[in-house]
Amino acid sequence: MTPEFPDGADLPPDELSRRELGELLGAAGAALSLAGCIHSPTETILPYAHHPGPITPGLPLFYATSMVLDGYATGLLVRSREGRPIKIEGNPEHPASLGAAGVFEQASILELYDSRRMRGLRRRDQPAGWNDLRRRFGVREGAPERADRGAGLAFLLEPTSSPLRRRLLERIALRFPESSVYAHAPTAGYGSRVAARAALGAALVPQHDFRDALRVLAVGSDFTASGPFHLRHARHFASTRRVSTPRDTMSRLYAVESVPTPTGSLADERLRARPSELALVLAAVAHELGAGSEALEAAADRLSPRQRELAAVAARDLDRHRGRGVVIAGEALDPAAHALAAWLNQRLDNVGSTVWYTEPALHLEGSPAQDLARLAREIDAGAVDTLVIAGGNPVYTAPSDVPFGELLERVEETICLAPYENETSTRCRWAIAAAHYLESWGDARAYDGTVSLVQPLIAPLCGGRTADELLAVFAGEESHDAHAMLRDLWLGGGDDGAGTRGERGGDRFWERALQAGLIEGTTLTRSAPVASLDAAVRLLEERLREREPPGLEIALRSDPTVHDGSFAGNRWLQELPDPVTKLTWGNAVLLSPRTASELAVGNGSMVEVETAGRAVRGPVFVLPGHADGALTLHLGHGRVAPFEPAAAFGFDAYALRPTAAPWVVPGATLRALAAGEMSARERRHHALASTQQHWRLEGRDLVLRQTLEELRARPDLAAAHRGPLPSFYGWEPDPSAAAHARDQWAMTIDLSVCTGCNACVIACQAENNIQVVGKEGVRKGREMHWIRIDRYLTGPPEEPVAVHQPMLCQHCERAPCEYVCPVFATTHSADGLNEMTYNRCVGTRFCSNNCPYKVRRFNWFDYSHGHDDTAALVWNPEVTVRERGVMEKCTYCVQRIRGAQIQARLEGDRPIADGEVVPACAQACPSRAIVFGSLTDPASEVSRSRQNPRLYSVLHELGTEPRTRYLVRLTHPHPELARPDARRPADAESTPR
């Protein structure tokens, strides 16, 4: 086990001297001579003494539960085999997922079986028991309550939407009326709530419905790839982008952002702007729509001609589609931007149609950053003697001007609930292992208010407890069982936190709710308040009065793979390429090409970024499409705690984050570091590991792009990239070979709605037991992902056009890999699959050399070696765990295909229905860009996609006849906007390959 990688899988075999090799060969000879005397130990197989009811060995069970992130719930379905959860999918009935699952939800199962999790409970350095905590802080017979009525008792929680937790906090307030509750979530935005109080008169949150939105203006908002409702938003937005015939209509997306995002890559018109200019773009749109104000005009005057042009065109376009548009501002934007977005939606008649408002689902009174600063002041004043930290890692995520770690040691009694030993738990006197959500009972609300239930699939593996169980101790509850408290809330007449009573129908209601994973009828009430333009202008005037210091702007953002650092120890997510930069195992200082040129730095240059006397060091990554004069730093990396071996990569951007400016920090400077200024650790840990240049295809065109107008004028653009070709081999496939196969499997991927979010990559990894190789393995091009998301940029580096293309095994009818394998390890099935027989492969890699798509992976080392018994529980038993020295690739999830075929035969040899077989990638995809099915069924979705005029085959001229095909990337740009030449490459790093 190494600090670089928790499993040590990226370590090559030790180098041997000639003497050591001779000694090993001699020992091997002796072992062979004694082999006949050695017997394997006898093992006894124990059958079930009592059959465990619903469990049928070999058949999976599915349970509904929910995962809570940043306080909001996402409904999930979890597949369980013989009592152990192995795969997470989206719950089709839940409004937040609609059957899709994001990278955090899917990868979270890896943490359930992480042997590094905290175990049990300790007091200082000594093990303790749960009853010790209860006796110390709970209700004790004959013991008086606190004489100060809880004045020195404080609770620091993550923002929560849980009705059960709200009930417990109310009971704590009754028992300790002088106690205090604080909230801290490093990535929670607060600008929308401040704006709502000012512009709408109440702390409301906007809800957006993209199903009927024909025009969308997204300013600083990555709504399809981040946020509590992004899975739903991606699904609904994609439904307005599907074009099957030239006569179909298509929505139009305007995106304004400082750093390229997955949502921005879908934009028909994308505009870059510095973080401080994003609110000004909204002001310019409001000014174009007739809002008379000197502040709005002054804000528009600060923009460039290109920015003002887009604001004017977008304003007219939105006005022509009144009631059918959406204006959405990102959570990291300031209150002025959110107030302007609220007024624009009202002015455009979107409120009540595509936009409405609800009360916030989160129980969060103040800004998370300000809450933590207020708690720090209370501790510094000696007003806190007992602090309960129920979740989060505030010592690591605290603002740079809040020395929370030092202050924590002044508190007499500190209690920390955490899944791992982290920066906070090691400073607390009591440390309690947090239960994984798949081990827990609880509830939480989705973004729209729908109450979602959290139910366990397995008993706590490490003796963990939930935040509700910890709070119950201080609430004086006689029972600390989370299931009993939850059931009592919803069945025993308790208040659910929304003003309704808990009595809802007894056991029958409870069983139905657990089966669905949610409680029906709990969505928050919609409202359509009138937004005040005067309030929005006042907030904007405050912004304009602020003096901008000279220097660079820093945009701080949550990381798309490790979030706020909560997933820093998750090896799947650490090795998952960033959707835009393709970086793995760490973060970087993102710059535009122009800014990098002005500062004389390039990719991999080590730099120091300084602001307000605080500095961090990290490598540069030059990103086309990034705003000039700004830097982007992702949070969540650079952990230094020794218990987080995967966290040593990257740098800690929290060190530059002040309380007053949690998202945009002005006045920064950047300087390149000389070689002598860097330590050996910095050179080693900050080396970039990007997959962008791996698996090059020698400049061949793989992506076809077309506008909607071009499709209508020339619908046959893709015709030359599909259809029969003269055979190089001089023979045609024998149709009788597949005559007995009822189905012919195929896949179609729509590039117009693919965001590059990586949900399919993690789904494939979890389903097919794909191993990680570590940072050095990635740097050598040895990553094992069966699906890669190629990112292509064309156009000038200032305003490039981005396309994401999932590339996996194409399952060619004339597969070049099959002709060169000397041992027939790769063969063709009767139903059209390119099969891979692992125990026949001898690792010649001829197939990989002959594959024009470069989609085969060779496991150079035994990457599965080193997993303990607990970590191995995450593996799918239906898929072989490959050992060293074999080639592997996408199989279209053949185990799912064969399982459906077996079930169909058991049910009278019936045909397999369309949609009955769904590969893991297609099942997880939020935008449903991937469709799969049988070509022999003319009514199947994949058969219908083959009639789309946008259909084409990658490298069609080679005559491989792939079963995986694509739909041309289609955009809908505005005809009035002049745009730079989009045909020339953006840069050498991003050119289509």
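A tally of regular secondary structure across the protein chain gives 29 helices and 39 strands. Of all 993 residues assigned to the protein chain, the portion counted as buried reaches 60%. Considering only contacts within the protein chain whose residues lie at least 6 apart along the sequence, 75% involve residues at least 24 apart. As displayed, the protein chain has an accessible area near 39200 Å², and 52% of this comes from carbon and sulfur atoms.

With that out of the way, let us pick up helix α5 (residues 191-199). For α5, every residue scored as buried is listed here: G191, S192, R193, A195, A196 and A199. In this fold, the buried residues of α5 make contact with α11 (335-347) and α18 (533-545). Positive phi appears at G201, one or two residues downstream of α5, with a value of about 85°.

Next up on the list: the sheet that holds strand β36 (residues 930-934). Spatial strand order, β36-β29-β38-β37: four strands in an open sheet with mixed pairing. The outermost strands of the open sheet, each flanked by one partner alone, are β36 and β37 (951-952). Across five bridges, strand β29 (residues 745-750) lies against β36 in antiparallel orientation. Across the sheet, W745 pairs through a bridge with S934, a residue of β36.

Turning to helix α8 (residues 278-288), a few remarks are in order. Of all the eleven residues making up α8, nine are buried; the element is thus mostly covered by neighbouring parts of the structure. All of the buried residues along α8 are L278, A279, L280, V281, L282, A283, A284, V285 and A286. Of the residues flanking the end of α8, it is G290, one or two places downstream, whose phi is positive at about 95°.

Here we come to unusual backbone geometry. Its identity is not glycine, yet R149 carries a phi of approximately 60°, on the positive side. Its place among the elements puts R149 in the loop between α3 (130-137) and β6 (153-157). Note on R149: relative accessible area 46%, which makes it partly exposed. Positive phi is not limited to glycine here, since A600 has a value of about 60°.

Residues of the protein chain with pLDDT of at least 70 account for 87%, and the chain-wide mean is 87. The least confident element of the protein chain, judged by mean pLDDT, is helix α1 (residues 18-33) at 47; the most confident is strand β9 (residues 215-219) at 97. Predicted confidence is poor over residues 27-41, with pLDDT under 50, and the contacts of this stretch with residues over four places away or in other chains come to zero contacts. Segment residues 497-503: pLDDT under 50, and 16 contacts once partners within four positions in sequence are set aside and those in other chains are kept.

Here R79 is to be found in strand β2 (residues 72-81). At a separation of 2.6 Å, a polar atom in the side chain of R79 contacts the side chain of E767. Residues in contact with R79, not counting those within four places in the same chain, are P60, L61, F62, R84, P85, I86, K87, E767, N876 and R896.

Let's shift gears to the environment of I86. Tracing the backbone through its elements, the reader meets I86 in strand β3 (residues 84-90). Among the residues examined, I86 registers a relative accessible area of 1% and is labelled buried. Taking C-alpha positions, I86 is 6.2 Å from N876, a pair spaced 790 residues apart along the chain.

This part covers the pattern of salt bridges. All told, the structure shown has 59 salt bridges when counted by the stated rule. Note that R320 is salt-bridged to D317, the shortest N-O span being 3.9 Å. Taken together, the positions of R320 and D317, both in helix α10 (residues 305-320) and three residues apart, correspond to about one turn of that helix. For D317, a relative accessible area of 2% corresponds to the buried category. The closest approach of N and O atoms between R814 and E961, which form a salt bridge, is 3.0 Å. You can see R814 sitting in the loop between β31 (801-807) and α25 (816-820) and its partner E961 sitting in the loop between β37 and β38 (964-967), a full 147 residues away along the chain. Residue R814 is classed as buried on the basis of its relative accessible area of 6%.

This part takes up the sheet that holds strand β12 (residues 325-329). The strand order across the open sheet formed by four strands is β11-β10-β9-β12, and the pairing between neighbours is parallel. Whereas interior strands pair on both sides, the edge strands pair on one side only; in this sheet they are β11 (269-272) and β12. Averaged over neighbouring strand pairs, the angle between their axes works out to 10° when direction is ignored.

A few words on the pairing of strand β16 (residues 430-433). Residues W430 and I432 of β16 are buried on one face, and the alternating residues A431 and A433, pointing to the opposite face, are buried as well. Bridge analysis of strand β4 (residues 121-123) against β16 gives three bridges, and the strand direction is antiparallel. What sits directly across from R122, in β16, is A431. Relative to β16, strand β15 (residues 413-418) runs parallel, the two being bridged by four bridges. Among the inter-strand pairings, L417 is bridged to a residue of β16, identified as I432.

Time to look at the pairing of β11. Residues E269 and L271 point to one face of β11 and R270 and R272 to the other, with burial holding for every one of them. Of the pairings in the sheet, the one linking strand β10 (residues 252-257) to β11 comprises four bridges and is parallel in character. The partner of A255 across the bridge, within β11, is R270.

For the rest of this paragraph, the subject is the environment of N768. You can see N768 is positioned in the loop between α23 (759-767) and α24 (774-779). The buried category is assigned to N768, whose relative accessible area is 2%. A sequence separation of 113 residues divides N768 from V881, and the C-alpha atoms of the two residues are 8.3 Å apart. When residues no more than four places from it in sequence are discounted, the contact partners of N768 are W786, V879, R882, T891, C893 and Q895.

Further remarks concern the packing of aromatic side chains. When we look at a pair of aromatic rings, we describe it by the centre distance and by the angle of the planes. Under the criterion given, the structure shown has 16 aromatic pairs. On the basis of an interplanar angle of 15° and a centroid distance of 4.9 Å, the ring pair of F104 and F567 is categorised as stacked. Placement of the pair is F104 in helix α2 (residues 103-112) and F567 in the loop between β20 (552-557) and α19 (571-574), with a sequence separation of 463 residues. A relative accessible area of 4% places F567 in the buried class. Aromatic rings pair up to connect F137, F155, W430 and F474 into one cluster.

Before going further, it helps to examine the side chain of R241. Tracing the backbone through its elements, the reader meets R241 in the loop between α6 (230-239) and β10. Polar side-chain contacts of R241 include one of 2.7 Å to the side chain of D268.

Here we take up the state of the cysteines. Disulfide: a covalent bond connecting the sulfur atoms of a pair of cysteines. Counted under the stated rule, the structure contains zero disulfides. Unpaired in terms of disulfides, C809 finds its nearest cysteine sulfur in C890, a separation of 5.7 Å. The closest cysteine sulfur to the non-disulfide-bonded C812 is located on C809, 6.6 Å from its own sulfur. The class of C812 is buried, set by a relative accessible area of 6%.

What follows deals with the packing of helix α16 (residues 482-491) against helix α17 (residues 506-516). Direction vectors running N to C along α16 and α17 enclose 115°, while the axes themselves pass 11 Å from each other. The way α16 lies across α17 gives a crossing that is right-handed. On α17, the residues touching H483, L486, R487, W490 and L491 of α16 are G506, D507, F509 and W510. For the contact of α16 with α17, the class distribution of residues is five nonpolar, two polar and two charged.

Parameters at a glance
Residues numbered from 1 in each chain as written. Predicted model: local features only at pLDDT ≥ 70, side-chain atom pairs only at ≥ 80, totals over all residues. Heavy atoms only, no water. Helix = DSSP H or I, 4+ residues; strand = E, 2+ residues; numbered from the N terminus. Buried < 20%, exposed > 50% of the residue type's maximum accessible area, 1.4 Å probe, protein only. Contact = heavy atoms within 4.5 Å. Areas by Shrake-Rupley, 256 points an atom, 1.4 Å probe, with all protein chains shown as cover. Pairing = 2+ DSSP bridges. pLDDT = per-residue confidence, 0-100. Polar contact = N/O pair within 3.5 Å; in protein donor to acceptor, adjacent residues only side chain to side chain. Salt bridge = Lys/Arg side-chain N within 4 Å of Asp/Glu carboxyl O. Axes fitted to C-alpha atoms, helices over the stretch in contact; angles between N-to-C directions. Phe/Tyr/Trp six-rings, centres within 6.5 Å; stacked < 30°, edge-to-face > 60°. Disulfide = S-S within 2.5 Å. Left-handed = near helix turned anticlockwise from the far one by under 90°. Nonpolar A, V, L, I, M, F, W, Y, C, P; charged D, E, K, R; others polar.

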